[in-house]
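These are the residues of each chain, in order.
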Amino acid sequence: MPRVCITVQGKNAQPYRFALDRKVVRMGRSTDNDIVIDCPSVSSHHCEMKRIEGGYILEDKDSTNGIKLEDEKMGIIDLENGLDILVGDAALDFELTDKEKDALTDEDHVPQQRPPLPRKKESKELKKRPTPSATPSIRPGVPAPLASTQTTSGSNFAITIGLLFLALMAFYFGMASKHTTSYPSNEYSSKGLWGDMWSKGASPKKKPAVTE
């Protein structure tokens with residue numbers, strides 16, 4: 001049975017043994033782990049020991065202080081006898097018997113050891129950051145873009161033109177009404193105010209002379 005021993009400074013070592021076919025062993029400070037490590041530098045769910053083809057690996061689970069091999073921070077460690085491994089500040093000793101090592105040699109082992117990947121939280125923050133093209137550059141002493149000011153000015157101009165047109169139409173209809181009231185239709189042509197304004201002199205028609 002594979003043996004794991006956890007040593008926290010100032011406390012007694014904690015030895016554990018697991019069946020060779022055990023797939024996952026969870027480690028961390030929380031009590032729901034398979035191996036509970038009572039150490040302030042260890043995260044609640046710090047890492048996992050996994051059974052793979054031909055051996056075991058220790059995989060960091062996005063912990064705060066990570067896992068280290070020979071004082072170098074790693075994302076995954078291929079477990080072997082005699083390695084100097086730290087889980088946070090707690091030492092981890094992994095050991096297989098000669099019989100267990102012989103059993104694993106019959107399996108095809110692919111090394112998976114690698115340094116840590118970028119933290120998930122940092123990747124999310126980078127995605128949230130606006131791109132340079134999306135955010136205008138504003139330097140001290142340089143006025144902000146005038147796009148919104150120009151749009152407002154254009155809208156005000158259109159409103160002014162509309163109001164002026166309505167005022168002219170109201171004035172015209174008022175004059176037309178006054179024209180119709182002041183001059184009966186038999187004294188002016190049937191063209192109305194606009195037609196009479198453009199007719200010659202816009203003068204009243206002369207009544208024919210009455211002969212006796």
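Scroll up to find the structure.
Worth saying up front: this structure is predicted, and the values here are computed from it rather than measured. (Residues numbered from 1 in each chain as written. Predicted model: local features only at pLDDT ≥ 70, side-chain atom pairs only at ≥ 80, totals over all residues. Heavy atoms only, no water.)

Caption draft 1: Molecular detail of the overall build of the protein. Of regular secondary structure, the protein possesses four helices and eleven strands. In the protein, the proportion of contacts linking residues at least 24 apart, taken out of those at least 6 apart, comes to 38%. Entry remark: accessible area of the protein is about 15400 Å², with carbon and sulfur atoms responsible for 57%. (Helix = DSSP H or I, 4+ residues; strand = E, 2+ residues; numbered from the N terminus. Contact = heavy atoms within 4.5 Å. Areas by Shrake-Rupley, 256 points an atom, 1.4 Å probe, with all protein chains shown as cover.)

Caption draft 2: Layout of the sheet that holds strand β6 (residues 55-60). An order of β4-β3-β5-β6-β9 is seen for the five strands of this open sheet, with the pairing classed as mixed. In the strand order of this sheet, the two ends are held by β4 (35-36) and β9 (76-78), each with one partner. Of the pairings in the sheet, the one linking strand β3 (residues 24-28) to strand β5 (residues 47-52) comprises four bridges and is antiparallel in character. Paired with valine 24 across the bridge in β5 is lysine 50. (Pairing = 2+ DSSP bridges.)

Caption draft 3: Focus on the nonpolar core. Among the nonpolar cores identified, the biggest contains 26 residues, and Val4, Met27, Ile37, Met49, Leu58 and Leu92 are the most heavily contacted of them. Secondary-structure elements contributing two or more residues to this core are β1 (3-7), β3, β5, β6, β7 (67-69), β10 (85-87) and β11 (90-95). With three residues, β11 is the largest single contributor of residues to this core. (Core = buried A, V, L, I, M, F, W, Y, C linked by side-chain atoms within 4.5 Å. Buried < 20%, exposed > 50% of the residue type's maximum accessible area, 1.4 Å probe, protein only.)

Caption draft 4: Quick peek at the pattern of salt bridges. Summed over the entire model, instances satisfying the criterion amount to nine salt bridges. Between arginine 3 and aspartate 93 there is a salt bridge, and its shortest N-O distance comes to 3.5 Å. Remark: aspartate 93 occurs in strand β11 and arginine 3 occurs in strand β1; sequence separation between them is 90 residues. Residue classification places arginine 3 among the partly exposed residues on the basis of a relative accessible area of 23%. (Salt bridge = Lys/Arg side-chain N within 4 Å of Asp/Glu carboxyl O.)

Caption draft 5: Layout of the environment of glutamate 59. Following the sequence through the fold, glutamate 59 ends up in strand β6. For the pair formed by glutamate 59 and histidine 46, sequence separation is 13 residues and the distance between their alpha carbons is 8.9 Å. Among residues more than four places away in sequence, those in contact with glutamate 59 are Cys47, Glu48, Lys50, Ile67, Gly75 and Ile76. Of the polar contacts made by the side chain of glutamate 59, one reaches the side chain of lysine 50; its length is 2.7 Å. (Polar contact = N/O pair within 3.5 Å; in protein donor to acceptor, adjacent residues only side chain to side chain.)

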